[in-house]
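Residue strings, one per chain:
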Amino acid sequence: VQLQASGGGLVQAGGSLRLSCAASGRTFSSYRMGWFRQAPGKEREFVAAISRSGGRTYYADSVKGRFTISRDNAKNTVYLQMNSLKPEDTAVYYCAADETVLTLTNPDVWDYWGQGTQVTVSS
């Protein structure tokens, strides 16, 4: 599966952005989908994940209550709605896909990655 992330940009603290990740290739609905982020000098960290059907979602504590992950299997797209953004949310955001991942928070076990989209939150 090929992944293409978009929607990043520059926003003031307290603002919102919606990231999108469009998938092509094999059946989108067979993949768990996730979002990760990587700030300069830091390791890639888990942000959110969603089950194949969209019925279950998972979040890092740092974004819980502010970010919402969703998916539209008819459009082969996963979204990350980010509200109440903080400067510490500044990072390159990556979408990821995997058919069998169990340890959602570990980036090393996800098989497919998008190219990343930059999110910058100014104070």
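Scroll up to find the structure this text is about.
Analysis parameters
Residues numbered from 1 in each chain as written. Predicted model: local features only at pLDDT ≥ 70, side-chain atom pairs only at ≥ 80, totals over all residues. Heavy atoms only, no water. Salt bridge = Lys/Arg side-chain N within 4 Å of Asp/Glu carboxyl O. Buried < 20%, exposed > 50% of the residue type's maximum accessible area, 1.4 Å probe, protein only. Helix = DSSP H or I, 4+ residues; strand = E, 2+ residues; numbered from the N terminus. Pairing = 2+ DSSP bridges.

Participant: What's the story with the pattern of salt bridges in this structure? I'm lost.
Facilitator: Side chains that differ in sign of charge can pair as their charged atoms come close. For the structure shown, the criterion picks out 4 salt bridges. Taking the shortest distance from any N to any O, the salt bridge between R37 and E45 comes out at 2.6 Å. Look at E45 and you get partly exposed, because its relative accessible area is 36%. The exposure class of R37 is buried, given its relative accessible area of 6%. The network of salt bridges with shared partners includes R37, E45, R66 and D89.

Participant: Mind showing me how you'd approach the pairing of strand β4 (residues 32-38) here?
Facilitator: Within a regular strand, the side chains alternate between the two sheet faces. When you tally the buried positions in β4, you get 6 out of 7 residues, the bulk of the element. Summarising the sheet, β4 and strand β9 (residues 91-98) pair through 7 bridges and their orientation is antiparallel. Residue pairing in the sheet places W35 in a bridge with C95 of β9. Taken together, the 5 bridges between β4 and strand β5 (residues 45-50) define a ladder with antiparallel strand orientation. If you follow R37 over to β5, its bridge partner there is E45. Here β4 hands over to β5 after 6 residues, with G41 in that stretch at a positive phi of 80°.

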